[in-house]
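If you want the building blocks of each chain, they are given just below.
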Amino acid sequence: MGLEIIGGRMLAPYFGSGVWVWGSVISVFLAALSVGYFLGGLMSQRFPTGRALALIIAAAALFLLPVALWHRSAGDWFASLDLHERWSSLLAAASLFFIPSLLLGMVSPYSVRLIARNVATVGTSAGTLYAISTTGSFLGCLLTAFYFILWMGIQHILYLSAGVLLLLAVWQFCVWQPPSSSQCQEQCK
Amino acid sequence: MKKFLLMIIVVSFGPNVNGSYVPQPGAGNDDQTEFEDDAIDNHGGYKVLLEKESLYHYIRVTESGGVRYMQFRRSGGEYEESAINLAHPLSFEMGYYSLMMTAFAHHPSPKSVLFIGLGGGTLSMAIAHYYPDAQIDNVELDPDVAAAAKEFFGLREGPRMKVYIRDGRVQVRRFVREEKKYDIIFLDAFRGGYIPYHLTTKEFIESIRTLLSPGGIVVNNLRPGFESYHYHRRTLASVFSQQWSYGGGGNVIVISAMGQTPPAKDSLLATAERIQKEKQFTVDLPAMIREGGMRDDYERDGPILTDDYAPTDVLRSIPRD
């Protein structure tokens, strides 16, 4: 969500701040999340490990770096194509935000798979995860709109997001253990 | 996303179209002079001619005492964007129009003029009257604003008066590519109280500079009294070597130009007096020139606005004394 808030601001210098720009940003995020949810579900079946999830989060963080570095050139290039603003802003939004938000979309179903222990409690697990994930979106949205945009430039907001994601990935890779797994409890002893 | 939602909320919970809405007095800020009204009805010579939710604004066109007003609603306040006196369209009803005429002391015989932000088109039409041979291009984001200007303010498009319906930044890119040049560029795009941030940044002001013909000037309508004012001034100063300002109080008009040696105040005054005599402006140009100048009326130290960092909407809400 934080990315979404600055997304519109990143595109405005090239495509204006018309409804198309906001429409493009929001629809690209939604499309990417849909694909991400689906792929995340599939992959969690094949590689149900916390480390695979960590790699996905790390990849999302890494994909934010080219966005931070080259969003200006990308905007410039798409604007120079001379398409209708509607299509050029949609293409630019897709090229900048599709991959990182797809990767972030994979996280939720993956986490459900990792946390759920049996069918009886899977609803609780999924509910908790949705609550956490949406609270994160809420904070990202609010903090970005209310504070980050005043405190720092767009580029630094992107670096900050990438940094936080990377820390999460490292934590997930090195520290996190699946809960109440009997195997783990034995190993951990 | 939030901006988008806000727009929907503003539009759907806005005033009743059937006219039962009564604005809360004192709500909102007095940008572009807040409109004061007691009730929306057809009594007391006060009429609502248009009330419309456009893509970007809640537009109202009202008429009172022979003057038509265009207002945008934002945060519970009505921001008056334009006004025109139907019988005397050249006698300006809003103070900042008069101040913007100071541009002609700096550039007394423009051949081409560009407006970013059309509103009712009052000033465009006045300039077309005083300079019938000048090419006047107007850029307006909101098609409904342009339609209202034509229907209620008497704007007529023609070969010398063009309206481009497009975002200012996007259209300026096109003009730069087409290598268009303008003698005077007026930057007057407001969205109910503040200037959209992508029309304030150093990068945008630089592309405006490339549109200037030699000796061309840029005219900004700014609102002092807010933190954002000083950012705008510093950003202009980072691109242009000369800056004059006129007026105070609600609106300050800033004129920016390139060049090493700025014209002396005496020569500006002489031009003002000559052009005043020639054009018979309804405003007192020499008096305004005498009062303004290269004043030290902003904080020179501090950050500027760039595409990367431009929290104008936030800064606009920080009042200054």
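This structure is a prediction, so every number in the text was calculated from the model and none was measured. (Residues numbered from 1 in each chain as written. Chains lettered and ligands numbered in written order. Predicted model: local features only at pLDDT ≥ 70, side-chain atom pairs only at ≥ 80, totals over all residues.)

In this section: the overall build of chain A. When you go through chain A residue by residue, the secondary structure sums to seven helices and zero strands. Ordered by position from N to C terminus, the α and β elements of chain A give α-α-α-α-α-α-α. Its C-alpha atoms put chain A at 60 × 30 × 25 Å along the principal axes. Relative to its 189 residues, chain A shows a buried fraction of 40%. Here the contacts in chain A between residues at least 6 apart in sequence split such that 81% fall between residues at least 24 apart. (Helix = DSSP H or I, 4+ residues; strand = E, 2+ residues; numbered from the N terminus. Buried ≥ 20, exposed ≤ 12 C-beta atoms within 10 Å, placed from the backbone. Contact = placed C-beta atoms within 7 Å.)

Scanning chain B from terminus to terminus reveals eleven helices and eleven strands. Residues classed as buried in chain B amount to 47% of the 321 residues present. For chain B, the share of sequence-separated contacts (at least 6 apart) that also reach a separation of at least 24 residues comes to 69%.

Looking now at the pairing of strand E10 (residues 242–246) of chain B. Residue and element names in this part refer to chain B. Buried residues dominate E10, accounting for four of its five residues. For E10 and strand E11 (residues 252–257), the ladder comprises five bridges, and the chain directions are antiparallel. Residue pairing across strands places glutamine 242 opposite alanine 257, the latter belonging to E11. The hairpin formed by E10 and E11 contains five residues between the paired strands, and glycine 247 there has a positive phi angle of roughly 85 degrees. (Pairing = 2+ DSSP bridges.)

Moving on: the pairing of strand E1 (residues 46–53) of chain B. Residue and element names in this part refer to chain B. Of the pairings in the sheet, the one linking E1 to strand E2 (residues 58–64) comprises seven bridges and is antiparallel in character. By the bridge assignment, lysine 47 is partnered in E2 with glutamate 63. Turn length for the E1-E2 hairpin, with the two strands adjacent in sequence and antiparallel, is four residues.

Bringing the interface of chain A and chain B into the picture now. Across the contact, 22 residues belong to chain A and 18 residues belong to chain B. Looking at the side of chain A that touches chain B, the elements with two or more residues in it are helix H1 (2–15), helix H2 (19–46), helix H5 (122–151) and helix H6 (154–174) of chain A. The element that contributes the greatest number of residues to the side of chain A that touches chain B is H1(A), accounting for six residues. Within the side of chain A that touches chain B, the residues separate by chemical class into 14 nonpolar, six polar and two charged. (Nonpolar A, V, L, I, M, F, W, Y, C, P; charged D, E, K, R; others polar.)

The biggest cluster of nonpolar side chains holds 82 residues, and the ones touching the most others in it are B:Met100, B:Ile185, B:Phe186, B:Val219 and B:Ile253. Discounting chain neighbours no more than four positions away, the residues touching B:Met100 are B:Leu123, B:Phe186, B:Val219, B:Asn221 and B:Ile253. Residues A:Leu53, A:Ala60, A:Phe78 and A:Leu158 belong to the second largest nonpolar core, which totals 48 residues. (Core = buried A, V, L, I, M, F, W, Y, C linked by C-beta atoms within 7 Å.)

Before going further, it helps to examine unusual backbone geometry. With glycine set apart, most residues show a phi of negative sign, and most peptide bonds adopt trans. Residues and elements named next belong to chain B. Backbone geometry places glutamate 179, a non-glycine residue, at a positive phi of 55 degrees. Structurally, glutamate 179 can be placed in the loop between helix H6 (168–177) and strand E8 (182–187). For glutamate 179, a count of 8 C-beta atoms within 10 Å translates into the label exposed. Phi angles above zero are rare outside glycine, and glutamine 280 is one such case at about 55 degrees. Turning to its location among the elements, glutamine 280 is positioned in the loop between helix H9 (265–279) and helix H10 (285–291).

This paragraph deals with the confidence of the model for chain A. As a note on interpretation, predicted positions should not be read in detail where pLDDT is low. On average, residues of chain A carry a pLDDT of 84, and 93% of them reach 70 or more. In the predicted structure, residues 181–189 of chain A sits below a pLDDT of 50 and forms two contacts with residues beyond four places in sequence or in another chain. (pLDDT = per-residue confidence, 0-100.)

Let us now look at the domain arrangement of chain B. All names here are of chain B. With domains assigned, chain B is organised as domain 1 (2–85) and domain 2 (95–315). With 23 residues of domain 1 at the contact, the number on the domain 2 side is 16 residues. Broken down by secondary-structure element, the contributors of at least two residues to the side of domain 1 that touches domain 2 are E1, E2, strand E3 (67–74) and strand E4 (77–85). (Domains from an automatic or database assignment.)

Residues and elements named next belong to chain B. Mean pLDDT over chain B: 81, with 83% of residues reaching 70 or higher. Taken together, the stretch residues 1–43 has pLDDT below 50 and engages in 55 contacts with residues farther than four places along the chain or on a different chain. Across the interfaces of the predicted complex, the ipTM metric reaches 0.73, alongside a pTM of 0.78.

What follows covers the packing of H1(A) against H2(A). Residue and element names in this part refer to chain A. Interhelical geometry of H1 versus H2 gives an angle of 135 degrees and a closest axis separation of 9 Å. Between H1 and H2, the interaxial angle falls into the category oblique. Every pair of crossing elements has a handedness; the one defined by H1 and H2 is right-handed. Where H1 approaches H2, its residues Glu4, Gly7, Gly8, Leu11, Ala12 and Phe15 are matched on the opposing element by Val21, Trp22, Val25, Ile26 and Phe29. (Axes fitted to C-alpha atoms, helices over the stretch in contact; angles between N-to-C directions. Parallel < 35°, antiparallel > 145°, perpendicular 65-115°, else oblique. Left-handed = near helix turned anticlockwise from the far one by under 90°.)

Attention now moves to the environment of A:Leu55. Residue and element names in this part refer to chain A. Examined against the element boundaries, leucine 55 turns out to sit in helix H3 (residues 50–80). Looking at leucine 55, the number of C-beta atoms within 10 Å reads 16, which means it is partly exposed. Through-space distance from the C-alpha of leucine 55 to that of leucine 166 is 9.5 Å; in sequence the pair is 111 residues apart.

The subject of this paragraph is the sheet that holds E8(B). Residue and element names in this part refer to chain B. Ordered in space as E7-E6-E5-E8-E9-E11-E10, the seven strands form an open sheet in which the pairing is mixed. At either end of the open sheet lies a strand with only one pairing partner, and these are strand E7 (161–165) and E10. For this sheet, the mean inter-axis angle between neighbouring strands, taken without regard to orientation, is 15 degrees. Sheet topology note: the strand E9 (residues 212–222)/E11 ladder contains six bridges and is antiparallel. Paired with leucine 222 across the bridge in E11 is valine 252.

What follows covers H9(B). Residue and element names in this part refer to chain B. The end-to-end C-alpha separation of H9 is 21 Å, in line with the 21 Å expected for 15 residues at 1.5 Å each. When we look at burial in H9, the residues that qualify are Leu268, Thr271, Ala272, Ile275 and Gln276. Taken down its axis, H9 places every buried residue within 130 degrees of arc, on the same side. Projecting away from the buried face of H9 at angles above 90 degrees are the exposed residues Asp266, Ser267, Lys277 and Glu278. Buried residues along H9 sit in contact with helix H3 (103–106) and H10. Within two residues after H9, glutamine 280 carries a phi angle of roughly 55 degrees, on the positive side. (Expected span 1.5 Å × (residues − 1). Arc of directions from axis to C-beta.)

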